[in-house]
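# Observations on the three-dimensional arrangement
Spelled out from the first residue to the last, the chains are:
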Amino acid sequence: MTEKKRILVVEDHPIFRLGLRELINQETDLEVCGESESVVDAWRKIASLEPDLVVADITLPGSDGLDLVKEVHRRCGKLLPVLVLSMHDEFLYAERALHAGARGYIMKQQAMESVVSAIRQVLAGKVYLSERVKEHILSTLADRPADEHKLPIERLADRELEVLRLIGQGLSTREIAHRLHLSIKTIGTYRERLKEKLRLKHANELVRFAVHYEKTGQIPPAATM
């Protein structure tokens with residue numbers, strides 16, 4: 001028999017993790033060799049289990065999934081591909097994930113119907129993106145000379161987007177500074193930048209925006225212009 005490809009799942013929601021494990025383990029050539037709920041534990045499992053592929057969420061406790069992607073890419077390169085799985089809008093995160101070093105991006109809403117084919121594609125050395133994201137990226141390259149048509153949230157740098165999500169999780173400026181190993185002043189600067197880039201006037205508007213985005217993975221309707 002052909003040796004099964006080993007998948008490490010990095011995801012902090014137990015029920016979703018269970019469903020993903022059952023789905024993958026049904027395949028004759030794939031198996032979940034381990035599961036992690038955090039970036040720290042993921043590195044331990046990568047070292048001990050030597051998986052062929054990592055399937056990782058973006059939102060993880062104590063860290064940002066994109067940071068994990070970047071570090072895996074830096075340390076392992078193409079020897080350990082990463083498929084990002086997230087609730088967040090693929091239009092906003094797919095390109096960021098690829099730039100960080102991921103080999104594919106799939107939304108949780110489509111995961112149960114597409115994750116196996118996505119895993120096979122990435123293991124074959126290809127990049128997996130949904131058709132709508134492929135069309136979006138090609139349209140962007142062909143039609144947009146600059147950033148002028150991007151939504152405000154699409155113009156955020158990765159760190160700014162991470163701070164926005166931490167605000168949405170209810171963390172204070174001090175807690176965010178501690179989490180990211182930055183000064184309180186620096187986080188204050190990020191908050192001001194976020195208000196400016198998202199065209200929000202007050203701190204309360206920023207918090208409402210961040211909470212809605214973190215809970216739904218979508219931009220609040222009033223903030224799409």
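Residues numbered from 1 in each chain as written. Predicted model: local features only at pLDDT ≥ 70, side-chain atom pairs only at ≥ 80, totals over all residues. Heavy atoms only, no water.

Attention now goes to the packing of helix α9 (residues 184–197) against helix α10 (residues 203–216). At a closest axis distance of 10 Å, the pairing of α9 and α10 adopts a crossing angle of 80°. As far as their axial angle goes, α10 and α9 are roughly perpendicular. Across the interface between the two elements, R191, L194 and K195 of α9 pack against A203, L206 and V207 of α10. (Axes fitted to C-alpha atoms, helices over the stretch in contact; angles between N-to-C directions. Helix = DSSP H or I, 4+ residues; strand = E, 2+ residues; numbered from the N terminus. Parallel < 35°, antiparallel > 145°, perpendicular 65-115°, else oblique. Contact = heavy atoms within 4.5 Å.)

The nonpolar side chains of a soluble globular protein tend to be buried with one another. In terms of nonpolar packing, the biggest core is built from 49 residues, with Y105, I153 and L164 touching the most fellow members. Ignoring any residue separated from it by four or fewer positions in sequence, one finds Y105 in contact with I58, L83, V84, S86, H88, D89, E90, Y93, A94, A97, Y128 and L129. Counting residues in each nonpolar core, the second largest holds 20 residues, with I7, V55, L83 and Y128 among its members. (Core = buried A, V, L, I, M, F, W, Y, C linked by side-chain atoms within 4.5 Å. Buried < 20%, exposed > 50% of the residue type's maximum accessible area, 1.4 Å probe, protein only.)

This part takes up unusual backbone geometry. One non-glycine residue, E50, lies in positive phi territory at about 50°. Here E50 is to be found in the loop between α2 (39–49) and β3 (53–57). Exposure remark for E50: the relative accessible area of 62% places this residue in the exposed category. Phi is positive for R199, close to 60°, though the residue is something other than glycine. Mapping R199 onto the fold places it in the loop between α9 and α10.

So, about empty space enclosed by the protein. In the structure shown here, the tally under the stated rule is one cavity of 30 Å³ or more. In this structure, the largest cavity occupies an estimated 40 Å³ of space. Every residue lining the largest cavity is listed: L60, S63, D64, E162, R165, L166, Q169 and R179. Elements with a contribution of two residues or more to the lining of the largest cavity: β5 (63–64) and α7 (158–168). When residues in the lining of the largest cavity are grouped by element, the largest group, three residues, is from α7. Considered class by class, the residues forming the lining of the largest cavity number two nonpolar, two polar and four charged. (1 Å grid on protein atoms, 1.4 Å probe; cavity = no way out; pocket = protein on both sides within 12 Å on 5 of 7 lines; lining within 4 Å. Points joined across faces, edges and corners; volume = space filled by probe spheres on them. Nonpolar A, V, L, I, M, F, W, Y, C, P; charged D, E, K, R; others polar.)

All chains considered together, the criterion is met by zero aromatic pairs. Here the guanidinium or amino end of R75 rests over the ring plane of W43, the centre of that ring lying 3.9 Å away. Of note, K108 hangs over the ring of F16, and the distance from its end group to the ring centre comes to 4.9 Å. (Phe/Tyr/Trp six-rings, centres within 6.5 Å; stacked < 30°, edge-to-face > 60°. Lys NZ or Arg CZ within 6 Å of the ring centre and 35° of its normal.)

Turning to the pattern of salt bridges, a few remarks are in order. Enumeration over the complete set of coordinates arrives at 20 salt bridges. One salt bridge in this structure joins E27 and R120, with 2.5 Å as the shortest N-O distance. With E27 in the loop between α1 (14–25) and β2 (30–36) and R120 in helix α5 (residues 108–123), this residue pair connects regions lying 93 residues apart in the sequence. When the shortest N-O distance is used, the salt bridge between K195 and E192 registers 3.1 Å. With a gap of three residues between them, K195 and E192 both fall in helix α9, about one helical turn apart. Beyond isolated ion pairs, a larger network of salt bridges with shared partners links R17, R21, E35 and E37. (Salt bridge = Lys/Arg side-chain N within 4 Å of Asp/Glu carboxyl O.)

Below, the discussion takes up α5. An ideal rise of 1.5 Å per residue puts 22 Å on 16 residues; α5 reaches only 19 Å between its terminal C-alpha atoms. At S114, α5 shows its strongest bend, of approximately 75°. Turning to α5, its buried residues are K108, A111, S114, V115, V116, A118, I119 and V122. Buried residues along α5 sit in contact with β1 (5–10), α1, β2, β3, β6 (82–86) and β7 (104–107). (Expected span 1.5 Å × (residues − 1). Bend = angle between axes of the 7 residues up to and from the residue.)

Bringing the pairing of β7 into the picture now. Side chains G104 and I106 of β7 all project onto a buried face; the interleaved residues Y105 and M107 project onto the opposite face, where all are buried too. Where β6 lies against β7, four bridges are found, and the strand directions are parallel. Note that in β7 the partner of L85 across the bridge is I106. For the handedness criterion, the β-α-β arrangement of β6, helix α4 (residues 90–100) and β7 is classed as right-handed. (Pairing = 2+ DSSP bridges. Right-handed = clockwise from strand over helix to strand, strands pointing away.)

Read these as layout, nothing more, since geometry by itself doesn't imply function.
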